[in-house]
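Listed here are the chains, written in short residue letters.
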Amino acid sequence: MKTYVLRVWYVHVLVLCLNAAEDFQWTKNNPGSFYYGTFPTGFLWGVGSSAFQTEGAWDKDGKGPSIWDTFTHKKGKVFMNETADSSCEGYYKVKQDDIQLLKELKVNHYLLSISWPRIIPTGIKKEQVNEKGIKFYNDTINSLLENKIIPIVTLYHWDLPQVLQEKYGGWQNISMISYFNDYANLCFEKFGDRVKYWITFNNPWAIAEEGYETGEHAPGLKLSGVGAYKAAHHIIKTHAKVWHSYNKTWRSKQQGMVGISLTSAWGEPVDLTSQKDIEAAERYVQFYLGWFANPIYSGDYPEVMKNYVGRKSAQQGLGTSRLPSFSVQEKSYIKGTSDFLGISHFTTRYIIEKNYSAFQGPSYHTDRDLAELVDPKWPDPGSKWLYSVPWGFRRLLNFVKTQYGNPLIYITENGVSEKLQCIQLCDEWRMDYLKGYINELLKAINDGVNVKGYTVWSLLDKFEWNKGYSERFGLYHVDFKKGNKPRYPKASVQYYKMIINANGFPNPREVKSWHQKAIETCSITNQLLAADPLTSHMEMVTEIVVPTVFTLCILISAILLMFLLRKHN
Ligand SMILES: *[C@@H]1O[C@H](CO)[C@@H](O)[C@H](O)[C@H]1NC(C)=O
Ligand SMILES: *[C@@H]1O[C@H](CO)[C@@H](O)[C@H](O)[C@H]1NC(C)=O
Ligand SMILES: *[C@@H]1O[C@H](CO)[C@@H](O)[C@H](O)[C@H]1NC(C)=O
Ligand SMILES: *[C@@H]1O[C@H](CO)[C@@H](O)[C@H](O)[C@H]1NC(C)=O
Ligand SMILES: *[C@@H]1O[C@H](CO)[C@@H](O)[C@H](O)[C@H]1NC(C)=O
């Protein structure tokens with residue numbers, strides 16, 4: 001009897017301790033100063049890109065149209081009505097030019113995505129498989145491996161085959177699960193002997209929220225308060241299905257990993273001593289990251305999401321919640337379906353509670369009962385939404401660690417854009433951003449967060465969705481006005497190379513010298529670029545002069561010959 005009580009007491013204390021250890025500390029935020037140190041050996045450094053944003057060749061070699069082709073071809077959807085029809089011409093340039101850039105950067109990995117309609121034009125495998133599309137990705141993967149660069153491959157970076165949108169309503173329709181699963185299995189079959197890191201979905205939050213709630217992204221549906229939840233529900237089930245397919249059919253022979261890549265900003269309570277602010281900030285993160293991560297790691301949507309959407313739906317007179325629910329079987333089927341978690345992160349917001357009346361109509365945004373604020377002192381060099389707040393990265397990663405049982409993490413996107421239309425290769429703000437964010441990542445690893453790799457977003461300037469070419473995330477500048485889309489290194493290329501080479505930030509003296517070194521190289525490239533009109537002018541002249549000189553030589557030779565012959569005579 002006594003031992004029994006003692007054991008219960010012991011278990012109770014143990015649970016309490018575990019709980020205490022697993023709670024995220026909302027009330028403590030001490031960013032501290034810059035930390036000098038290096039990353040664990042074997043840490044992977046890389047850069048990323050995506051198919052639709054870089055490949056171009058939108059209708060070449062048998063590719064079918066995607067929802068993004070259709071969306072961008074409509075006027076009034078994208079900044080300046082720009083399209084990605086040719087973009088960076090990556091379809092023609094990745095194997096030669098871009099892999100050279102990757103080698104120059106000395107990265108360990110390259111994160112790329114496969115365009116579903118390039119290899120299955122209608123999205124339905126039994127209708128048609130496009131061998132030329134398969135060959136394109138096969139060759140790209142082979143070239144990467146020949147150059148000792150690990151491919152990390154995303155299956156879905158937003159370019160759904162247009163036919164599936166038209167026939168079924170895209171992610172609104174449950175039938176996407178089996179079409180996508182067929183596509184994923186085709187990729188495992190064709191490339192899985194060489195690809196060991198698979199990401200099912202990139203940023204499902206944006207797919208759902210911007211594609212089906214606000215309509216700012218393809219397919220441009222404005223199904224406020226309903227469409228995004230439904231799309232997300234189907235995406236989560238699809239992800240789980242694909243993970244199970246891999247586990248059942250491919251894992252034993254291919255020995256790879258299948259994960260998902262989730263994007264989330266960090267939400268910081270405005271007042272760390274206010275319980276209401278803390279709850280609002282947590283809601284912000286749960287509605288962002290937890291929406292997808294909680295089903296995958298804990299089997300269901302976050303409680304707070306179920307409560308809030310459920311309550312608002314009831315107030316709006318609906319019989320059931322606009323947030324769909326998983327059955328018991330589905331919960332256990334979905335739970336645990338990620339071998340690693342991809343985290344994409346760019347920025348932070350301050351959060352306060354703000355109540356919205358249910359009578360304003362259904363909306364994801366008002367379901368959360370919160371307002372987002374920014375500190376005007378935060379640098380915002382690029383996209384309107386992107387403020388540089390490095391400490392938020394460490395906070396988010398610690399939240400992931402405590403909420404989801406310290407999963408294996410790869411950072412799949414982190415970086416900053418610029419909005420300058422003129423060429424600016426000396427991107428000091430990007431060097432500052434990377435330095436700050438990578439340093440906070442290092443601190444997070446020292447906190448015990450299990451991060452094994454980091455990916456800068458992105459290799460090239462590219463088509464930035466509804467922002468067209470106006471926001472540039474690249475380490476390399478791309479001149480989109482020229483037919484062959486030449487690439488030029490920005491200063492951040494040198495800077496990132498030095499971080500990779502040192503595997504972190506070894507000591508103040510060395511780190512201090514990097515900035516100057518990087519700026520020197522960009523000034524030289526800048527001068528070359530400034531001289532560019534001259535070079536093209538000179539090329540033109542050369543074309544005219546060369547034959548002329550050549551003709552002159554013949555003429556002189558002829559005269560000399562005549563002269564000689566005459567003398568001989
Ligand atoms: C884009 O297309 C719309 C609709 O045709 C037009 O009103 C608008 O002026 C266009 N914008 C530009 C920058 O060409
Ligand atoms: C893909 O590349 C591998 C390795 O070189 C080769 O064995 C395979 O036949 C290629 N498949 C296709 C469809 O080109
Ligand atoms: C899903 O697609 C099927 C077949 O086209 C259609 O009958 C059904 O109405 C669609 N469901 C939704 C929610 O759009
Ligand atoms: C994954 O596959 C292994 C080996 O076939 C199996 O033992 C395990 O139960 C599978 N996991 C799940 C969650 O189905
Ligand atoms: C929002 O509503 C809750 C519950 O009715 C209330 O406790 C809280 O004070 C309200 N917050 C604000 C900022 O009005």
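Because the structure is a prediction, the values reported are computed rather than measured. (Residues numbered from 1 in each chain as written. Chains lettered and ligands numbered in written order. Predicted model: local features only at pLDDT ≥ 70, side-chain atom pairs only at ≥ 80, totals over all residues. Heavy atoms only, no water.)

J.: Would you take a moment to explain unusual backbone geometry for this structure?
T.: When glycine is set aside, most residues are seen to have a negative phi, and most peptide bonds are trans. Cis geometry is adopted by the peptide bond preceding proline 219, which originates at alanine 218 and carries an omega value of 0 degrees. Tracing the sequence through the fold places proline 219 in the loop between α9 (204-212) and α10 (227-254). The linkage connecting tryptophan 457 with the following residue, serine 458, adopts the cis geometry, with an omega of 10 degrees. Mapped onto the fold, serine 458 is located in the loop between β12 (451-457) and β13 (476-478). The backbone of alanine 57 sits at a positive phi, close to 45 degrees, despite the residue not being glycine. Among the residues examined, alanine 57 registers a relative accessible area of 4% and is labelled buried. (Helix = DSSP H or I, 4+ residues; strand = E, 2+ residues; numbered from the N terminus. Buried < 20%, exposed > 50% of the residue type's maximum accessible area, 1.4 Å probe, protein only.)

J.: Can you walk me through the environment of glutamate 282 in this structure?
T.: With respect to the helices and strands, the residue glutamate 282 is situated in helix α11 (residues 275-298). When the C-alpha atoms of glutamate 282 and tryptophan 266 are compared, they prove to be 9.4 Å apart, with 16 residues separating the residues in sequence.

J.: What is the right way to look at the site of ligand 4 in this model?
T.: By nearness alone, every residue bordering ligand 4 is listed as Trp243, His244 and Asn247. Contacts to ligand 4 include asparagine 247, whose side-chain N or O atom sits 2.4 Å from an oxygen atom. Calculation on ligand 4 without its partners gives an accessible area of 360 Å², and the protein chains cover 29% of this total. (Near = heavy atom within 4 Å. Polar contact = N/O pair within 3.5 Å; in protein donor to acceptor, adjacent residues only side chain to side chain. Areas by Shrake-Rupley, 256 points an atom, 1.4 Å probe, with all protein chains shown as cover.)

J.: Explain the pattern of salt bridges here, please?
T.: Following the criterion strictly, the structure yields 29 salt bridges and no others. For the salt bridge of aspartate 461 with lysine 490, the shortest nitrogen-to-oxygen distance reads 2.8 Å. Taken together, the positions of aspartate 461 in the loop between β12 and β13 and lysine 490 in the loop between β14 (487-489) and α17 (491-502) put the pair 29 residues apart, joining distant regions of the chain. Look at the salt bridges and you will find they share partners, linking Glu418, Asp427, Arg430, Asp461, Arg472 and Lys490 into a network. (Salt bridge = Lys/Arg side-chain N within 4 Å of Asp/Glu carboxyl O.)

J.: Looking at this model, I keep getting lost on the sheet that holds strand β7 (residues 266-269). Mind explaining?
T.: One key point about sheets: their strands pair by backbone hydrogen bonds, in either a parallel or an antiparallel sense. Read across the sheet, 3 strands follow the order β7-β9-β10 without closing on themselves; strand pairing throughout is mixed. One side of each edge strand has no neighbouring strand; the edge strands of this open sheet are β7 and β10 (370-373). Here the average twist between neighbouring strands, direction ignored, is 40 degrees. In this structure, β7 lies alongside strand β9 (residues 348-353), joined through 4 bridges in parallel fashion. Bridging from a neighbouring strand, proline 269 pairs with isoleucine 351 of β9. Each of β7, β9 and β10 is contacted by α11, which is oriented at about 125 degrees to β9, the strand it contacts most. Across the sheet, helix α15 (residues 390-403) lies against β7 and β9, angled at about 100 degrees from β7, the strand it touches most. (Pairing = 2+ DSSP bridges. Axes fitted to C-alpha atoms, helices over the stretch in contact; angles between N-to-C directions. Contact = heavy atoms within 4.5 Å.)

J.: Please explain the pairing of strand β11 (residues 409-413) as it appears in this structure.
T.: Put simply, side chains in a regular strand alternate between the two faces of the sheet. The buried count for β11 comes to 5 of 5 residues, which makes it a mostly enclosed element. Note: strand β8 (residues 341-344) against β11, 4 bridges, orientation parallel. Paired with leucine 341 across the bridge in β11 is isoleucine 409. Taken together, the 3 bridges between β11 and β12 define a ladder with parallel strand orientation. In the strand pairing of β12, isoleucine 411 is matched with tyrosine 454.

J.: Would you mind showing me how to read the state of the cysteines here?
T.: Under the counting rule described, the total for this entry stands at 1 disulfide. Put simply, cysteine 426 and cysteine 522 are joined by a disulfide, and their sulfur atoms are 2.0 Å apart. Between cysteine 426 and cysteine 522, the S-S dihedral sits near 105 degrees, and the bridge is therefore right-handed. Here cysteine 426, found in the loop between β11 and α16 (428-446), pairs with cysteine 522, found in helix α18 (residues 508-530); they are 96 residues apart in sequence, far enough to count as distant. Overall, the relative accessible area of 15% leaves cysteine 426 in the buried class. (Disulfide = S-S within 2.5 Å.)

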